[in-house]
Amino acid sequence: MAVKHRAREGASRDLLYQMLRIRRFEERCVELYSGEKIRGFMHLYIGEEAVAAGVCHALTPDDAVVSTYREHGHALVRDVPATAIMAEMYGKAAGCSRGRGGSMHIFDAPHRFYGGNAIVGGGLPLAVGLALADRFQGRNRVTACFFGDGAVAEGEFHECLNLAALWRLPVLFACENNLYAMGTALARSHAETDLALRAASYDVVAWPVDGMDVSAVADSASRAAESIRAGAGPHFLELRTYRFRAHSMYDPDRYRDKAEIEQWKKRDPINALITRMKAAQEIDDDGLSVLEKEISAEIDKAIAFAEQAPVEPVEDLARFVYSDTPRAGGTRPMGAVEAAP
Amino acid sequence: MSETGTTYREAMREAIREAMRRDERVFLMGEDVGAYGGCFAVSLGLLEEFGPERVRDTPLSESAFVGAGIGAALGGMRPIVEIMTVNFSLLALDQIINNAATLLHMSGGQFGVPLVIRMTTGAGRQLAAQHSHSLEGWYAHIPGLRILAPATLEDARGMLWPSLEDPDPVLIFEHGALYALSGVPRPGPVDITRAAIRRSGEDITLIAYGGTVGKTLSAADALAAENIEAEVIDLRVLRPLDDVTIMRSVGRTHRVLVVDEGWRSGSLSAEISSRIVEQAFYELDAPIGRLCAAEVPIPYARHLEEAAIPQVATIIAAAREVVTS
Ligand SMILES: Cc1ncc(C[n+]2csc(CCOP(=O)(O)OP(=O)(O)O)c2C)c(N)n1
Ligand SMILES: [Mg+2]
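Looking at an unreviewed UniProt entry, one finds chain B named Pyruvate dehydrogenase E1 component beta subunit and attributed to Streptosporangium canum.

Under the annotation held in an unreviewed UniProt entry, chain A carries the name Pyruvate dehydrogenase E1 component subunit alpha and is attributed to Streptosporangium canum. Under the Subunit (unreviewed entry) heading, UniProt states for chain A: "Heterodimer of an alpha and a beta chain." What the UniProt record of chain A gives under Function (unreviewed entry) is the line "The pyruvate dehydrogenase complex catalyzes the overall conversion of pyruvate to acetyl-CoA and CO(2)."

### Quick look at the interface of chain B and chain A
Often the size quoted for an interface is simply the accessible area lost on bringing the parts together. Each partner contributes residues to the interface: chain B has 32 residues there, and chain A has 39 residues. Regarding the contact of chain B and chain A, the summed buried area is about 2900 Å², with carbon and sulfur atoms giving 65% of it. Looking at the side of chain B facing chain A, the largest losses of area belong to Y36(B), L60(B) and Y300(B), adding up to 25% of the total buried there. Inspection of the region where chain B meets chain A yields 1 salt bridge. Our count for the chain B to chain A interface comes out at 14 residue pairs in polar contact (both at pLDDT 80 or more). When residues of the side of chain B that touches chain A are traced back to their parent elements, those giving at least two are α4 (86–89) and α13 (302–308) of chain B. Of all the elements, α13(B) adds the most residues to the side of chain B that touches chain A, at 5 residues. Within the side of chain B that touches chain A, the residues separate by chemical class into 20 nonpolar, 6 polar and 6 charged.

### Here's the deal with the nonpolar core
Residues L16(A), F25(A), I38(A), V55(A) and M86(A) are the most contacted members of the largest nonpolar core, which totals 68 residues. Counting residues per element, this core draws most heavily on helix α2 (residues 11–34) of chain A, at 11 residues. For I38(A), the contacting residues outside a window of four places in its chain are C29(A), L32(A), Y33(A), M86(A), M89(A) and Y300(B).

### What about the sheet that holds strand β12 (residues 237–239) of chain B?
Residue and element names in this part refer to chain B. The strand order across the open sheet formed by 7 strands is β3-β2-β4-β5-β7-β6-β12, and the pairing between neighbours is mixed. Where the open sheet ends on each side, the last strands, each with one partner, are β3 (55–57) and β12. Between one strand axis and the next, the sheet turns through 20° on average, direction left out of account.

### Examining the state of the cysteines
Chemically, a disulfide is nothing more than a covalent bond linking the sulfur atoms of two cysteines. Inspection of the entire model under this criterion finds 0 disulfides over all chains. Cysteine C29(A) remains unbridged, with the sulfur of C96(A) as its closest cysteine sulfur at 12 Å.

### Considerations on the UniProt feature "domain: Dehydrogenase E1 component" (unreviewed entry) in chain A
In the numbering used here, UniProt assigns the feature "domain: Dehydrogenase E1 component" (unreviewed entry) to residues 17–313 of chain A. Annotated as residues 17–313 of chain A, this span is 45% helix and 13% strand, and its ends, taken at the C-alpha atoms, are 37 Å apart.

### Here we look at the coordination of the magnesium ion (ligand 2)
Of the protein atoms, only D149(A) (OD), N178(A) (OD1) and Y180(A) (O) coordinate the magnesium ion (ligand 2), at distances of 2.0 to 2.1 Å. A residue is classified by how much of its surface remains accessible, and Y180(A), at 10% relative accessible area, is buried.

### A short note on the UniProt feature "domain: Transketolase-like pyrimidine-binding" (unreviewed entry) in chain B
Here, the residues flagged by UniProt with the feature "domain: Transketolase-like pyrimidine-binding" (unreviewed entry) are residues 6–181 of chain B. Across residues 6–181 of chain B, the secondary structure splits into 39% helix and 19% strand, with the terminal C-alpha atoms separated by 8 Å.

### What to know about a nonpolar patch on the surface
Residue and element names in this part refer to chain B. A surface patch of nonpolar side chains, amounting to about 390 Å² of accessible area, comprises V277, F281 and Y282. Along the chain, the position of Y282 falls in the loop between α12 (268–280) and β14 (289–293). Residue Y282 is classed as exposed on the basis of its relative accessible area of 78%.

### Examining the site of ligand 1
Surveying the vicinity of ligand 1 reveals 21 residues, the closest of which are Y69(A), R70(A), A118(A), G150(A) and E62(B). At 2.8 Å from an oxygen atom of ligand 1 is found a side-chain nitrogen or oxygen belonging to D149(A). Within the contact set of ligand 1, an oxygen atom lies 3.2 Å away from a backbone nitrogen or oxygen of A151(A). Coverage of ligand 1 by the protein amounts to 97% of the 580 Å² it exposes when considered alone.

Thresholds applied
- Along each chain, residues carry numbers from 1 onward, in the same order as the chain's sequence is written.
- Following the order in which they are written, the chains are lettered starting with A and the ligands numbered starting with 1.
- For this predicted model, a pLDDT threshold of at least 70 governs which residues receive local features, and a threshold of 80 or more governs which side-chain atom pairs are given and counted, while totals over whole chains, interfaces and linings are taken from all residues.
- Just so you know, side-chain values use all the structure's heavy atoms and leave hydrogens and water out.
- UniProt positions are given in the numbering used here, feature names are shortened, and annotations may be inferred rather than shown by experiment.
- Every residue pair with non-hydrogen atoms within 4.5 Å of one another is taken to be in contact.
- Computed with a 1.4 Å rolling probe, the buried area is the accessible surface lost when two parts are put together, summed over both parts.
- Whenever a carboxyl oxygen of Asp or Glu lies within 4 Å of a side-chain nitrogen of Lys or Arg, that contact is scored as a salt bridge.
- For this analysis, a polar contact is any N or O atom pair within 3.5 Å, provided that within protein one partner can donate a hydrogen and the other can accept it, and provided that sequence-adjacent residues contribute only side-chain to side-chain pairs.
- Under the scheme used here, helices are H or I runs from DSSP no shorter than 4 residues and strands are E runs no shorter than 2 residues, and both carry numbers assigned from the N terminus.
- The nonpolar class holds Ala, Val, Leu, Ile, Met, Phe, Trp, Tyr, Cys and Pro. Asp, Glu, Lys and Arg form the charged class, and all remaining residues, Gly among them, are polar.
- What makes a nonpolar core is a set of buried Ala, Val, Leu, Ile, Met, Phe, Trp, Tyr and Cys residues whose side-chain atoms join them at distances within 4.5 Å.
- Note on exposure labels: buried denotes an accessible area under 20% of the residue type's maximum, exposed denotes more than 50%, and partly exposed covers the range between, all computed with a 1.4 Å probe on protein chains only.
- At least two bridges found by DSSP between two strands are what make those strands a pair.
- Where helices are involved, their axes are fitted lines through C-alpha atoms of the stretch in contact, as for all axes, and angles between N-to-C directions lie from 0 to 180°.
- To count as a disulfide, a pair of cysteine sulfur atoms needs to be within 2.5 Å.
- Distances up to 2.8 Å from the metal define which N, O and S atoms are donors, and 3.2 Å serves for Na, K and Ca; water is absent from the atom set, so sites may look incomplete.
- Like-charged residues are merged into a patch within 9 Å and nonpolar side chains (Val, Leu, Ile, Met, Phe, Trp, Tyr) within 5 Å, provided each residue has over 30% relative accessible area and no salt bridge.
- In short, Shrake-Rupley with a 1.4 Å probe defines the accessible areas, and a residue's cover is counted only from the protein chains shown.
- Residue proximity to a molecule or strand is established when one non-hydrogen atom of the residue lies within 4 Å of it.

See the structure below:
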């Protein structure tokens, strides 16, 4: 669907469409959470949509994405079907992770979406390894890895940046700096708050980007991805953004000034793009309502699908602890091909 | 704390508050313990009372701040380190096992580590596999650590102070489903060495701890309606295990079911069964039963998660089987 838009319209329209999809999808998720259709921890991306839309704009369908528990947006933009995401949050067998994962653990092999990881920093080593496999197998692909400002404090971040730089691996580190790690403000958890500077100290090409400006994000990500594909090794983008909602549905949000939140809402990336596009006569209210209708239909369909989808039979509880067959996942039998000399 | 009673969460908070008032060496450190009030709201209000020096928010750096807790303990402080959940404690496993549990022995008795680490454990809230595991049995494998699992308001309130007095590292596991438990706790000190008998009976011993104690007591009540009188042991201390209380109970009932939200293989339940076989084999009238978590990473979907961990109905069925076998 995203591809269709890309072909039909200009980039701005596609970026707007993707951001709106994420926003509307999550707004419905809030209602469904209140209605107890969705349970567990749910982390919303509202306010940060320009990051997913902009970064993924630079990726091809062959590229991989590794994400966090705040991953609905990344999954949607990577074309993981909304039906499968919604069914996952409903805990249904038709969910992309067969109801095992829920909101925090969206996985989708066909779109090379390597998950929703709920251990802060836990995805970074996977991204390094995926890129290493591409290197071994001579494929020119990018692995984009999303994580928050909080993750920069974890040892795994530092180990991974060094490793990726040392081996010049094709990883795009996309740091979503929303200024908070749960209730802890950036300056209260980092002595040096210039995260791009920290990444650069590992000899990784790094720069900060206005994460509320989707065009700026798309431009930076495209430049970074191009450079990675050309063999320049890992890149790091510090995407300066803000989450408009609480950390999760459990979070009473006591630690932020309401005025600060309102201030950031004035920079809403969706409104900003609409204003710009209207000024450039790239879209009008009719055009907008066409987009909204299309999105709303997609979400209605996803919810209807999730509602009627069956749950996994309890007898299958212990499935997928080990592979169903010794060669699951299309792995070649060992020893079938001689190692390259 | 209200006049009518308290919650497990408030009891824990009161215990921290009291410890910080009683000894200025005590401080609390961990992710979001301060401004946020603790990810499960245990430390709500403590920052305002004690200030940011003693209620220390840390970055997301489990290995560093747990290790720093060990260092501070070596340096004469009495840290309480909070890790949000046992799954995240794996990032600090090296510090806990290679340092905290080891330094006293490795230094020939010179460097003890008087440290308390608190963390949440357990399933039941649809948080899926990276937030729901019960790895306390794993920590109970490690010599040098004392492992506690408060399951009652008294223990939530009372276990912290003796843990701080302990010259060695103590890990306290708080089951996430217990925080809202409420009632009026009996006042007074508690020990951190013995198991407790929460219900007496002579037909079977049900051994549980932490999050499964309440379910096991409910099961025992239901079994009573079938004329099966179960004795319920709350282990409280997972290491070192209180063999005496267990063996005495087995000597009275001659039948045992161990209930554990952890996995069966290589587990605490396996350890308890072995000890009973070693120490009370001739007391047994039936094979020891074990009801553990299914051997899967805990899934998100409610029906799958429920099926994965012990429930009142499955405890009743398992106990019945041991009694009739
Ligand atoms: C290793 C680990 N420690 C703690 C947590 C609990 N936790 C989940 S999200 C989060 C904040 C992460 O902040 P950041 O990396 O900035 O990402 P954001 O949520 O802001 O997108 C914390 C502390 C966790 N999931 N994993
Ligand atoms: Mg953040």
